[in-house]
Structure formats: structure tokens, C-alpha cells
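Chain by chain, the residues:
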Amino acid sequence: MNKKIICLFSATVIFAAPLAQAVSPSDYADRFKIDMSEQIPPIEELRKKFAPKPIYDRKFDYFWNIGTVFNKDLAKTIGQYGSRQTRLKWPGEDLMLEQLKNMPKEYYQYIGPYLHTIPGISEKILNYPGIRETKNRFPQRIAPQLADIENLEFMSPALYFALNPDLWEESNISREQIKFRTLPQVNRYDTRFLAKVAELVPPEDYAPGAVPKEPLASRLRTISPDASSPLTGKDVQAVARSLEALAEFGADIDNQAKIIEAGALLDAWENEQGKGAMLPNLKDLVHPCQRLVQKMRMQGMEKEFAAIIAEEGFNPEEWGYTCDKTIKAYRVLKMSSPELMTLLLYKRNIYENQLNLYSDKTAPNIAVTMQGIVEMYKAPIHDMMEVKKNQKALKKAFERIDYRIVFQPVYIK
């Protein structure tokens, strides 16, 4: 899990605006459920449905082809042009103002100069306090990795975001070095109960890293795996091999373009149905493999994809379930202490009061992202133990595919 996502929400939670209705991350848990047998409309229908629409209908094609029928409404609009007293709202103005309101003002210096170069942008945005002062100004706070580049001040304002030190992973190393004060342990449990548990479940057989007397489950593949079936060591090894086998298939540019298109259309359709994650690619981060199977089906690529994973005994649905469970368990094993603390805060609704201070446009997006992070790390202890035995094979497979399958991120470093 990328630490920058967690830090962003922790840093911006204090910026607030009135909210009409309270929201909670858990309200959006159902948005991350995937039905692999769901009937998604044909991609040709979705292309037509979500095709970009022109911002303004001119009522004619070209100035030399204005038609022969008099349009009274168009004539009235042209006649009143320049005489109206009310300002026409720029498309996306409210959303951009909301984002600026909830963004740390220290970040304005990286986006403000670029906003001033966009033709036709709303004057209300350009005159926003903090953005107005950044016109033609070079950022003062620069990432040390870029500070020594010659003529850096002549770079395009569109790239100023890369100068932000907070975007560089090396700038976040100190967060991993937090020292927490430990409190004396208080034993509130009946020792006789613990002794009985130890008798029934010997710690030497079930502790992390222990070798069970009959590790049969780890030596067999799961028959017809589904979303709730436990992983075995052989399942994890099969997933690792399948990821490497998909490397060449995923490197094809045409395949990548098709998956990107399918992802955008799938997100738009689910959001319209009221069951999407609202933010692009958020659901893909939670269930990367199952979502990939859905996109393959949408684009008619399932046959070639199925032939590759069939070498490991998977059909597309079984591969999607097993692959996602493997990746989730791997994420938990690689989780850092700050990530774990943030995850616990999300699950315990510590941020719920702050969320209720956001506007009704911003709060749902932040809440659904929090829930998405919780969903990314849902893995039973059994799956974690099986994945732990095969961490090296998985890491090798992720590196082989550059942590992506057909441009679909399967794991975030």
C-alpha cells in the first residue's frame, strides 16, 4: 500500500466545510463486492452510452453550413451575447473549488502556476486566495532529488507537481522510525482458559512459522476455489507462476489500451448503477485480479487469457479469486507500523467526526477511499501463513511483471 495515500488523508482531515448528512466508511463496504457472474452490458453499448458529449451545442456544424431553418432560441442567445450580467459557470468549477478548499495550502505553489496557463479557466479559480499569488511563480519548496538540476526554473508549470518533496518516497522514511511508548501488559483473562486452549491447540503446532505434524493442506491444491475458500501453499505457488506466464501477454500495447478502456467504461457503468467505488481505479486496487477478468470478458480477450492460466489448472474465475486472496495476504505481511495504525483508525471510525465536517460532495469520496484501504488488507491468518512460506516466489513474480498485468496494478510497492 502506498504510504502517500494514507498520509494525504491524515494531512487533509482538518480542512472542513458544512455537511448536510453524516457518512461513514463502512457505508460503502458493499461497493467493493464483486459478482463474477454479473451480466455487464456489451462494450459497444457502453461506448455509445458514455461517449464524451460536446460542452456546447452550437446548433450548426460549421460557419459555412449553418442550415436553412431559422432557430429562434439561437438567435435570441446570439442577440443577448455580451449584455448579460450573470457569469456563466465554468464546467467543473465547483468540483475544483471544493478540491482546492480541502487541499493543504502548501501544495498551491505546485498547481497554481499551471492553472494560470489553462485557456478559458474560470476567473473565480484563478483569483482563489493562494492560487492568485502563484501566477508566474516558481515553487519555493523543492524536492532535494531535483534541486541540483540546472535551469530547473525553466521547466513547464505542468510538471511542477513533481517538485513537491511529499511525493517522493525517500521523504517519508522518517515516518517508519516512529517510536511508541509501550504500556505494561494487563492480563485480564482466566489463565485456566488459556491453558485449556493450549491443550486443545498446541502452540508449537500452530504458531507462526511452526511445522504442523501433517501439513497436508499446504501440499494440495484447492478444488474449485471460490471467494471464501482458504489458500494452500500450492495455490500460492500456482498464482506466482501464472503471473510470470502473463508477462508477455501484459506487455502488449494493444492489450493495455483495451484494458484501460474497459476499466473506464466499467467504472462509469457501476457508478451509474449506484454500486461503484465513485473514484477511478479504486475498486481495481482492492480486487485487481477479479476486475481484470471482468475487463477481459468485456473486450473479448478471455479466450487467450484463459489459455495461459489454464497451464496452472485455473479457469478465469478461480484464478481471480485465488490471485486476489494471495495479493491481499501479501499486502498484510508487508504492512508497516504506520499503515497498520492508520488502518485501525479507519476501522474504528476515529475519523468519522472529521468526515462529518466535509461538504456533501467531498465526504463520500474520502469515506469510500478509507473503506477501500480497509478492504485491501482483509486477509485471514491462514492465508497469510501460506503466503509467508512463498514470499520470495511472489516477489519474483511481481518484479517480472513490473507489478502490473496488462496495465492493471496487481500490487503497490
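## A word on the overall build of the protein chain
Scanning the protein chain from terminus to terminus reveals 20 helices and two strands. For the protein chain, with 413 residues in total, the buried portion stands at 38%. The contacts in the protein chain between residues at least 6 apart in sequence include a share of 74% that link residues at least 24 apart. Accessible area of the protein chain: about 25500 Å², with a carbon and sulfur share of 56%.

## A word on the state of the cysteines
Across all of its chains, the model carries one disulfide by this definition. Here Cys289 engages in a disulfide with Cys323; their sulfurs sit 2.1 Å apart. In this pair, Cys289 is assigned in helix α13 (residues 288-298) and Cys323 in helix α15 (residues 316-333), connecting sequence segments 34 residues apart. Exposure remark for Cys289: the relative accessible area of 0% places this residue in the buried category.

## Considerations on the pattern of salt bridges
Scanning the entire structure with this criterion turns up 21 salt bridges. Between Glu270 and Lys283 there is a salt bridge, with its nearest N and O atoms 3.5 Å apart. In this pair, Glu270 sits in helix α11 (residues 253-272) while Lys283 sits in helix α12 (residues 282-286), placing the two residues 13 residues apart along the sequence. Across the pair, exposure class does not vary: Glu270 and Lys283 are buried alike.

## Brief notes about the side chain of His287
Structurally, His287 is set in the loop between α12 and α13. Exposure remark for His287: the relative accessible area of 11% places this residue in the buried category. When sequence neighbours within four positions are dropped, the list of residues in contact with His287 reads Phe32, Ile34, Asp324 and Lys328.

## Quick word on the nonpolar core
If you look at the biggest cluster of nonpolar residues, it comprises 59 residues, and the most contacted ones within it are Leu243, Leu292, Met296, Phe305, Trp319, Phe398 and Ile405. The greatest single-element share of this core, amounting to eight residues, is contributed by helix α18 (residues 363-376). Those residues in contact with Phe305, other than ones at most four positions away along the chain, are Leu246, Phe249, Leu292, Val293, Met296, Pro316 and Trp319.

## Looking at the packing of aromatic side chains
Evaluation of the coordinates by the stated rule reveals six aromatic pairs. Seen in terms of ring centroids, Phe305 and Trp319 are 5.2 Å apart; in terms of plane orientation they differ by 80°. Their pairing is edge-to-face. Of this pair, Phe305 sits in helix α14 (residues 302-309) while Trp319 sits in helix α15, and the two are 14 residues apart along the sequence. Here the basic side chain of Arg221 rests over the ring of Phe314, its NZ or CZ set 4.7 Å away from the ring centre.

Conventions adopted
Residues numbered from 1 in each chain as written. Predicted model: local features only at pLDDT ≥ 70, side-chain atom pairs only at ≥ 80, totals over all residues. Heavy atoms only, no water. Helix = DSSP H or I, 4+ residues; strand = E, 2+ residues; numbered from the N terminus. Buried < 20%, exposed > 50% of the residue type's maximum accessible area, 1.4 Å probe, protein only. Contact = heavy atoms within 4.5 Å. Areas by Shrake-Rupley, 256 points an atom, 1.4 Å probe, with all protein chains shown as cover. Disulfide = S-S within 2.5 Å. Salt bridge = Lys/Arg side-chain N within 4 Å of Asp/Glu carboxyl O. Core = buried A, V, L, I, M, F, W, Y, C linked by side-chain atoms within 4.5 Å. Phe/Tyr/Trp six-rings, centres within 6.5 Å; stacked < 30°, edge-to-face > 60°. Lys NZ or Arg CZ within 6 Å of the ring centre and 35° of its normal.

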